[in-house]
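# Examination of the molecular architecture
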Amino acid sequence: MAESRPRAKTKMRADVTNTEYDIVRESAEFVGLALDGDSETSSLIWHDLGPPMEVFCAMRGFQHINHFPGTKEISRKDNLARNLLRMQKSCPEDFDFFPRTWILPADRTRLLNYHATSQEAGGPPSVYIAKPINLAQGKGISLTFDPAEITTAESRLVQEYLKRPFLLEDFKFDLRVYMLITSITPLRVFVYRDGLVRMSTAPYSPPSPANIDELFMHLTNYAINKHNDEFVKSEAPDKGSKRSIKWLMDFLHSQGHDTEKLWTEIGDIMLKTFIACLPHQRHQYRLCFKDQPPRPEDPSAGSRCFEILGFDIFLDKNLKAYVLEVNRAPSLTCDQPLDREIKHGVLTAAFRLLHLRNTDRRKHDEAERRRAQDRLQGDAKDSDKEPTPATAAAAATSASTATTRSAGAAASSSTESTL
């Protein structure tokens, strides 16, 4: 009798039909996922942009998707500002990592009053940076000495410009740092210990009437600076206009700076930023996943969602870290080998930390079958029961009472909302 061959292990599937990035497909395959999945069969579902609410609501119990509902609360510039400004009022010393900010047109009077007061106090003039609420990649950004010049035809975020940056070879830079959230109840987050150093392409000088319009000097957005002829592409880790945070930390350590303290500070302000926006996200999550069954041995493993956020971090000349923006769909474009190295590492680490298991789908299917059988048995038992006249009368009385109570509760609720 021929010996039976062991059955091949079935690969888990990923639905990557809604991504334009090859690095997502490559990273999913790298961790062992098959790319032939669809929205019904896949353990992993990827959307470059936040999907509509119905996508979350249609997910099955074994599936994971790369966005949480409600993340606009942290990724939209105005929502992020409102949440952090609220926390600054309650805990000013703990939330001093966000620049002074106004949301126009609502805060226009407050902004003009601040500007007038700072002028009366003397000293260097304040500079303001204005950003459209709904645009990204540096589009529509402008600097000014006079906030009265900022148009209010559309909503804008205005911040006091941070004029004393830490410089690398005389160039201004910011950091793109990645955070992974695998669960929001309980909260479980990870910070990737590498990322991108994005440098401007014109040597920095403090803002003046002569240079205030030189965006290649004052902005560090890659989408802007890549169009400058001075942008340098390099495969060397210590050269070029885009470098790795690991290289930066090694460089700072060689200069005598405490890089572990800096990493701790960066992680701390990222976590505080996310916590400031957490209540709304938890509410949105509960609306979508009321029936979420947490695993007893690992409650956060029951989360249907995960999120990779890109934080833009500014370092001043004393290496104090500030949060500038948060992106819920950080670019995964790989224009240079460094991009591919960093983003492949972020994605594969994220996929592995989800702890996807073949058994999750099997257990989900078995649980669905049991629930279906229980419903059938329950319907059969109910159909066998003949209601007696006394039972029917009691049920009618109970329904009448419940209706009366419901109407009373509705009236009470209406009164409370009116007040």
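Notes on the structure follow. Small disclaimer: the values here were computed from a predicted structure and weren't measured. (Residues numbered from 1 in each chain as written. Predicted model: local features only at pLDDT ≥ 70, side-chain atom pairs only at ≥ 80, totals over all residues. Heavy atoms only, no water.)

On to the packing of aromatic side chains, then. To describe a pair of aromatic rings, one takes the distance between the centres and the angle between the planes. This model, assessed by the stated rule, comprises twelve aromatic pairs. Their ring planes at 35 degrees and their centres at 5.6 Å tell us that Phe 95 and Phe 97 sit as a pair that is tilted. In terms of burial, Phe 95 and Phe 97 fall into one category: buried. Ring geometry for Trp 247 versus Phe 251: centroids 5.6 Å apart, planes at 15 degrees, classification stacked. Of the two residues, Trp 247 and Phe 251 are both situated in helix H8 (residues 245–254); the distance of four residues between them amounts to about one turn of the helix. (Phe/Tyr/Trp six-rings, centres within 6.5 Å; stacked < 30°, edge-to-face > 60°. Buried < 20%, exposed > 50% of the residue type's maximum accessible area, 1.4 Å probe, protein only. Helix = DSSP H or I, 4+ residues; strand = E, 2+ residues; numbered from the N terminus.)

A few words on the environment of Val 127. Among the secondary structure elements, Val 127 is positioned in the loop between helix H5 (108–121) and strand S5 (128–132). We classify Val 127 as buried; its relative accessible area is 1%. In this structure, the C-alpha to C-alpha distance between Val 127 and Thr 144, residues 17 residues apart in sequence, is 5.8 Å. Once residues lying within four places of it in the same chain are set aside, the contact partners of Val 127 are Leu 143, Thr 144, Phe 145, Gln 159, Glu 160, Tyr 161, Lys 163, Pro 207 and Ile 212. (Contact = heavy atoms within 4.5 Å.)

The subject of this paragraph is the side chain of Ser 244. Tracing the backbone shows Ser 244 in strand S10 (residues 242–244). Engagement of the side chain of Ser 244 in a polar contact is seen with the backbone nitrogen of Trp 247, the distance being 3.0 Å. (Polar contact = N/O pair within 3.5 Å; in protein donor to acceptor, adjacent residues only side chain to side chain.)

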